[in-house]
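What follows is each chain in one-letter form.
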Amino acid sequence: MKTEELETIRTRESESRDFGSEPEVAVDSTATDTASLTNDSQGCHAGKDTMLKAAQEAGKSPILDQYATDYPLGPHDKPQSMCPAFGSLRVGLRMRRTATVLCGSACCVYGLTFTSHFYGAKRTVGYVPFDSETLVTGKLFEDIRDAVHKLADPEKYDAVVVTNLCVPTASGVPLQLLPNEINGVRIIGIDVPGFGVPTHAEAKDVLSGAMLNYARNEVMSGPVQPQSGEHSEQLKLTLVGEMFPADPVIVSKMLEPMGLIVGSVIPTREWRELYTALDCQAAAAVHPFYTAVLREFREAGRPIVGSAPVGLEGTATWLQAVGETCQIEQDKIDTAINAIKPAIAASIAASPIDCRITLSGYEGSELLVARLLVECGADVRYVGTACPKTEWSEQDCAWLEARGVRINFRASLEEDLSAMAEFKPDLVVGTTPVVQKAKELAVPALYFTNLISARPLMGPSGPGALREIIMNAVENQKRFDGMREFFEGVGHEHSAGVWEQVPEKKKIKRRRSDVQKKPRKNDAVEGAVGC
């Protein structure tokens, strides 16, 4: 994005612009007392309940009710994970010819932008700033509309994605009033508040579902431009969920004896892949939490298959389910299964994993990884996932529970740590704070997101890829023991270090919840709940 384009987004004009045939949109700023969000006891620090109530009063009840249905909470309020908006931001930034604009606090936009570039994004993130005045008067919506019009260049973009973070959502900024398209560029507005979307994994579904809905309506309206190089005569299976780039290729090879190929993977990398995704015999819910995406497939009349081809038994069961769903002859299904079984069996035999493991994460693929580990011989005792249980995860859940694995959906950090203490694993696979605690206890540990989920899992490649990193980590136990022995006696936590007199552990004084914070002079509405 050029400098002048970025300035367009960052700068608010003092006068409204005339966009020809585009009608003016009146924003009712009296729908909620937005000013109540501007003092220090409210705003982004008000807490979930206050923000949720403000959003409902501002007319956001329909979308929040849909989120509550699509992404049901667990026994506790919210899993501990990164800001949910990172998930939808990641999906948009990975798509070619797609512009991304955030509307939220400066600190949250900075954090999301930093994280996205840390994970390899090489695209500009647009930002529409605001203050109390523009939020209350409705000028913020006009600023967003102006920025979208400036960005909507069909020579550069197929789509512009605008995302409301916490405060704009709570204030009722109506992105649904943005035009559906400008100059042939699709405009997609979504709300991704921390108080409405539980995890960043499910925020991927929010944007992917919105895009697929838009594409489905385009297809219903008339002919669309197909994906370049597409073989329309072949029967296709759409895979749903982010996965290692080699996995779709491997799966497509598995499907060939049945006359099927992998047509597209959602989230997609370009807009036209959405058309290919809809032009399928069935959709495979590899990651089972994509509720909005799978709803679009159902609306399009496409059947859905759960689980994924991981391990020997898992692959055979999945291929059988895909074949039956796509109405493939049984002899072709048997041919596909028999063609791949020897290679997977040989890979598992050559990749034994002999250790006890507890596993947790927030990517949504935790149950698939656990299945593969169990088939490779690992003693998996516990699987915790921040994602909810859905009808598409039931098969994997039942398979694991039948083998003595405890499954915990919407798992909290405390539950993951408790499982680690209870089962005393040889290796802990988990989120950053779980891994940190494990290493503090001198237990080998691996970060699930970067070291496990970012590897091939399907077909013959899966067992070998996992065994190498798993067993290398387990063999580090001797190093942990050596370090613990070397540092024995230097203290722990408050007493860490060498002391003539060990200090007493200070009690943490917590602020009384009923004490009102003093308002600050700066009443800017900044921050995001759940980041």
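Cut-offs and rules
- Residues numbered from 1 in each chain as written.
- Predicted model: local features only at pLDDT ≥ 70, side-chain atom pairs only at ≥ 80, totals over all residues.
- Heavy atoms only, no water.
- Helix = DSSP H or I, 4+ residues; strand = E, 2+ residues; numbered from the N terminus.
- Buried < 20%, exposed > 50% of the residue type's maximum accessible area, 1.4 Å probe, protein only.
- Contact = heavy atoms within 4.5 Å.
- Areas by Shrake-Rupley, 256 points an atom, 1.4 Å probe, with all protein chains shown as cover.
- Phe/Tyr/Trp six-rings, centres within 6.5 Å; stacked < 30°, edge-to-face > 60°.
- Axes fitted to C-alpha atoms, helices over the stretch in contact; angles between N-to-C directions.
- Parallel < 35°, antiparallel > 145°, perpendicular 65-115°, else oblique.
- Left-handed = near helix turned anticlockwise from the far one by under 90°.
- Nonpolar A, V, L, I, M, F, W, Y, C, P; charged D, E, K, R; others polar.
- Salt bridge = Lys/Arg side-chain N within 4 Å of Asp/Glu carboxyl O.
- Pairing = 2+ DSSP bridges.
- Right-handed = clockwise from strand over helix to strand, strands pointing away.
- pLDDT = per-residue confidence, 0-100.
- Disulfide = S-S within 2.5 Å.

1. Considerations on the overall build of the protein chain
Part 1 of the reasoning: A tally of helices and strands in the protein chain yields 20 helices and 14 strands.
Part 2 of the reasoning: Split into buried and exposed, the 531 residues of the protein chain put 53% on the buried side.
Part 3 of the reasoning: Sequence-distant contacts in the protein chain: of pairs separated by 6 or more residues, those separated by 24 or more amount to 75%.
Part 4 of the reasoning: Within the structure as shown, the protein chain displays about 24400 Å² of accessible surface, and the carbon and sulfur contribution to it stands at 50%.

2. Details of the packing of aromatic side chains
Part 1 of the reasoning: For the coordinates displayed, the defined rule picks out 4 aromatic pairs.
Part 2 of the reasoning: Taking the centre distance of 6.0 Å and the plane angle of 40° together, the rings of Tyr67 and Tyr71 count as tilted.
Part 3 of the reasoning: Take Tyr67: its relative accessible area is 5%, and that puts it in the buried class.
Part 4 of the reasoning: Ring centres of Phe289 and Tyr290 lie 4.7 Å apart, and the angle between their planes is 25°; on these two criteria the pair is classed as stacked. Across the pair, Tyr290 and Phe289 agree in class, each one buried.

3. A few points about the packing of helix α3 (residues 85-93) against helix α8 (residues 200-221)
Each pair of packed helices can be summarised by the angle the axes make with each other and by the distance between the axes.
Part 1 of the reasoning: Between α3 and α8, whose axes approach to 6 Å, the crossing angle comes to 50°. For the element pair α3 / α8, the angle class is oblique. For the element pair α3 and α8, the recorded crossing hand is right-handed. Counting all contacts with α3, which are made through Phe86, Gly87, Ser88, Arg90, Val91 and Gly92, the residues of α8 involved are His200, Ala203, Lys204, Leu207 and Ser208.
Part 2 of the reasoning: Considering only residue class, the contact of α3 with α8 consists of 4 nonpolar, 5 polar and 2 charged.

4. Some points on the pattern of salt bridges
Pairs can form between side chains of opposite charge whenever their charged atoms are close.
Part 1 of the reasoning: Per the counting criterion, the structure on display carries 24 salt bridges.
Part 2 of the reasoning: Two residues, Lys204 and Glu363, come together in a salt bridge whose shortest N-O distance is 3.7 Å. In this pair, Lys204 is assigned in helix α8 and Glu363 in the loop between β10 (356-361) and α14 (366-375), connecting sequence segments 159 residues apart.
Part 3 of the reasoning: Residue Lys204 is classed as buried on the basis of its relative accessible area of 3%.
Part 4 of the reasoning: For Lys253, the salt bridge identified is with Glu256, shortest N-O distance 3.8 Å.
Part 5 of the reasoning: A relative accessible area of 44% means that Glu256 is categorised as partly exposed.
Part 6 of the reasoning: Each of Arg90, Arg94, Lys204, Glu242 and Glu363 takes part in salt bridges that share partners, so that together they form one network.

5. A few points about helix α9 (residues 246-255)
Part 1 of the reasoning: Of all the 10 residues making up α9, 7 are buried; the element is thus mostly covered by neighbouring parts of the structure.
Part 2 of the reasoning: Burial in α9 covers these residues: Asp247, Pro248, Ile250, Val251, Ser252, Met254 and Leu255.
Part 3 of the reasoning: Buried residues in α9 make contact with β6 (235-240), β7 (260-266), α12 (312-325), α13 (330-349) and α19 (461-474).

6. Some details on the pairing of strand β8 (residues 282-285)
Part 1 of the reasoning: The alternating pattern of β8 places Ala282 and Ala284 on one face and Ala283 and Ala285 on the opposite face, and all of these are buried.
Part 2 of the reasoning: Here β6 pairs with β8 via 3 bridges, running parallel. Bridge pairing links Thr238 to Ala283 in β8.
Part 3 of the reasoning: Crossover handedness for the path β8 to helix α11 (residues 291-299) to strand β9 (residues 304-306): right-handed.

7. Side note on the sheet that holds strand β3 (residues 159-164)
Part 1 of the reasoning: Reading across the sheet, the 5 strands line up as β2-β1-β3-β5-β4 and stay open at both edges, with mixed pairing between neighbours. Only two strands of the sheet have a single neighbouring strand rather than two, namely β2 (125-127) and β4 (181-182).
Part 2 of the reasoning: Strand direction decides the pairing type here: strand β1 (residues 98-103) and β3, joined by 6 bridges, are parallel. Bridged to Thr98 within β3 is Ala159.
Part 3 of the reasoning: Where helix α4 (residues 106-118) meets the sheet, it contacts β1 and β2, and its direction lies at approximately 175° from that of β2.

8. As for the confidence of the model for the protein chain
Low-pLDDT stretches of the model should not have their predicted coordinates read in fine detail.
Part 1 of the reasoning: For the protein chain, per-residue confidence averages 84 on the pLDDT scale, and 84% of positions sit at 70 or higher.
Part 2 of the reasoning: Every residue in residues 1-36 scores below 50 in pLDDT, and together they form 57 contacts with partners more than four places removed in sequence or on other chains.

9. Some points on the sheet that holds β8
Adjacent strands of a sheet pair through backbone hydrogen bonds, lying either parallel or antiparallel.
Part 1 of the reasoning: In spatial order, the strands read β7-β6-β8-β9; together these 4 strands make up an open sheet with parallel pairing. At either margin of the open sheet sits one strand with a lone partner, and together these are β7 and β9. Direction aside, neighbouring strands of the sheet carry axes that sit 30° apart on average.
Part 2 of the reasoning: Where α12 meets the sheet, its contacts fall on β6, β7, β8 and β9, and the angle it forms with β9 comes to roughly 170°.

10. Concerning the packing of α14 against helix α15 (residues 394-401)
Part 1 of the reasoning: Two elements in contact, α14 and α15, have axes separated by 10 Å at closest approach and are oriented at 35°. Considering how the two elements wind past one another, α14 and α15 form a crossing that is left-handed. Contacts from Leu367, Leu368, Ala370, Arg371, Val374 and Glu375 in α14 reach Gln395, Asp396, Cys397, Trp399 and Leu400 in α15.
Part 2 of the reasoning: Considered class by class, the residues forming the contact of α14 with α15 number 7 nonpolar, 1 polar and 3 charged.

11. Some thoughts on the environment of Ser105
Part 1 of the reasoning: Along the chain, Ser105 falls in the loop between β1 and α4.
Part 2 of the reasoning: Classification of Ser105 by relative accessible area gives buried; the value is 1%.

12. With respect to the state of the cysteines
Part 1 of the reasoning: This structure, assessed with the given rule, holds 0 disulfides.
Part 2 of the reasoning: As a non-bridged cysteine, Cys280 has Cys326 as the owner of its nearest cysteine sulfur, 8.2 Å distant.
Part 3 of the reasoning: Taking relative accessible area as the criterion, Cys280 reaches 5% and is therefore assigned buried.

13. Things to note about the environment of Pro245
Part 1 of the reasoning: Positionally, Pro245 belongs in the loop between β6 and α9.
Part 2 of the reasoning: Each C-alpha atom of the pair Pro245 and Pro456 lies 7.9 Å from the other, and the pair is 211 residues apart in sequence.

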